[in-house]
Amino acid sequence: MRIALPRLVRLVMPSRNATLAGILMMLLGILLFSINDVMGKWLVATYTVGQILLLRSGAALLAIVPFVVKQGVGRTLRPERPGLQLLRVTLGSCEVALFYWAVSYLPLADTMTLWLAAPVWAVVLAALLLGERVDAGRWLAVVAGFVGVAIALNPSSESLSLPAIIALIGSFSFAAMMIIGRQLRGTPDVTLVFWQTFGALVMGLALLPFGWVTPSLTDIGLLSLLGILAMVAHLCVTRSLKLAEASVVVPYQYTLIVWALVFGWFVFGDWPKPAMLFGSALIIAAGLALLVLERRAGNSASENAKERVTVEQN
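So, a few notes on the structure that sits alongside this text. All residue numbers refer to positions counted from 1 along the written sequence of the respective chain. Only residues with pLDDT of 70 or above have their local features reported here, since the model is predicted, and side-chain atom pairs are shown and tallied only from 80 upward, although totals for entire chains, interfaces and linings are computed over all residues. Derived side-chain values reflect all non-hydrogen atoms in the structure, with water molecules and hydrogen atoms excluded from consideration.

**Examining the overall build of the chain**
Counting secondary structure elements, the chain contains 13 helices and zero strands. Working definition: helices are DSSP H or I runs of at least four residues, strands are E runs of at least two. Numbering for both runs from the N terminus. When the helices and strands of the chain are placed in sequence order, the string is α-α-α-α-α-α-α-α-α-α-α-α-α. Residue pairs at least 24 apart in sequence account for 89% of intrachain contacts in the chain once pairs closer than 6 positions are excluded. Total accessible area on the chain stands at roughly 16700 Å², and carbon and sulfur atoms take up 69% of it. We call two residues in contact whenever any of their non-hydrogen atoms come within 4.5 Å of each other. Note that accessible areas follow from Shrake-Rupley with a 1.4 Å probe, and for residues the cover is restricted to the protein chains shown.

**Some words on helix α2 (residues 49-71)**
The end-to-end C-alpha distance of α2, which contains 23 residues, comes to 31 Å, matching closely the 33 Å that a straight helix rising 1.5 Å per residue would cover. Here the bend at each residue means the angle between axes fitted to two seven-residue stretches, the one ending at that residue and the one beginning there. Approximately 40° is the largest bend angle found in α2, and it occurs at Ile64, with the proline Pro66 only one to four residues beyond. Gly72, located one to two residues past α2, shows a positive phi value of around 120°. Every helix has an expected span of 1.5 Å times one less than the residues it contains.

**Quick word on the environment of Phe194**
Note that Phe194 resides in helix α9 (residues 189-207). In sequence terms Phe194 and Val89 are 105 residues apart; their C-alpha atoms lie 9.9 Å from each other. If sequence neighbours within four positions are ignored, Phe194 has contacts with Leu61, Ile64, Val68, Thr76 and Leu77.

**Quick look at the environment of Ile166**
Positionally, Ile166 belongs in helix α8 (residues 162-182). Considered as a pair, Ile166 and Leu98 are 68 residues apart in the sequence and their alpha carbons are 6.3 Å apart. Excluding residues that lie within four positions of it along the chain, Ile166 makes contacts with Leu98, Trp101 and Ala102.

**As for the packing of aromatic side chains**
For Phe, Tyr and Trp, rings pair up if their centres lie within 6.5 Å, where Trp contributes its six-membered ring, and each pair is then called stacked (planes under 30 degrees apart), edge-to-face (over 60) or tilted (otherwise). Applying the stated criterion across every chain, the model contains eight aromatic pairs. With a centroid separation of 5.1 Å and 85° between ring planes, the pair formed by Trp121 and Phe172 is classed as edge-to-face. One end of the pair, Trp121, is in helix α6 (residues 118-129); the other, Phe172, is in helix α8, and 51 residues separate them in sequence. Consider the rings of Phe194 and Phe198, whose centres lie 6.5 Å apart with planes at 10°: the pair is stacked. Taken as a pair, Phe194 and Phe198 lie in helix α9 at a separation of four residues, close to a single helical turn. Consider the ring centre and the ring normal. A charge sits over the ring if Lys NZ or Arg CZ is within 6 Å of that centre and within 35 degrees of that normal. Here the guanidinium or amino end of Lys41 rests over the ring plane of Phe268, the centre of that ring lying 5.3 Å away.

**Let's talk about the side chain of Glu95**
Residue placement: Glu95 occurs in helix α4 (residues 82-103). Classification of residues uses two cut-offs on accessible area relative to the type maximum, computed with a 1.4 Å probe and protein chains only: under 20% is buried, over 50% is exposed, and between them is partly exposed. Charged residues are defined here as Lys and Arg on the positive side and Asp and Glu on the negative side; His and the ends of the chain fall outside this count. The rule for a salt bridge is simple: a side-chain nitrogen of Lys or Arg has to be within 4 Å of a carboxyl oxygen of Asp or Glu. Look at Glu95: it is buried, it has no salt bridge, and the nearest opposite charge is Arg56 at 8.3 Å. For Glu95, the residues in contact, after removing those within four places along its chain, are Trp115, Gly170, Ser173 and Phe174.

Okay, structure coming up:
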């Protein structure tokens, strides 16, 4: 026992350290995303969505160049499965444009609540597009998530506005991007972030004719910082998912709504209505339930596979 204990400690500690690092990276990434969202909401009150996308993406591309060179320019510019990569970039570019459009009209917490419905959309899309089997428990969580969306929207002739519909379409686009991301797990982080940023740049150029406000030097700096924050946040989240299991770190993404409430109240004086708070709680509960059920299904599949291997060896 005295000999086995140090070996056990050496085996367990690296795993625990990696998990802790993964959690910290996820928390940092979500905080950076939250700061990015606050700055975006503040800047979109003055500047158009097109020029925000253009300037933030240009700055982010300059910042990511050293990573591209280190990885290899050829490897970055010639990614695997280019058709899927293009679809993912298109969805991601639309999603970020829709977010800035929606948040220019809606309170930050309201917008983020609707965006948190993405995991619920993802389950439905996985069943419809990928043919994944969804058990009764997950369908129940999906229904609960959609009920939460309905409560948060509080649909009526006054509350079901165009910005709310835009936010819902944006969360659907984000979910579709997540589904495609599952098919591109072998693509390096730098490649994914580079093309995602380049797509947002192209989207900014496409939207530029719809308006331009000449920014001050200070705001150019803020718009550039916006892109760098988003890039670092993306890298933190993707690294987090490689350091620890998704079922461990993904729940920490829901701290996004906490930051949205805090920053929304402190910076913009917004506080969501009770229906929005209750709806967001139901959406988060549904998302966490889906994670738990997914983990149980994965563990069950792994155990069944081990049993089959054992039987075949015997």
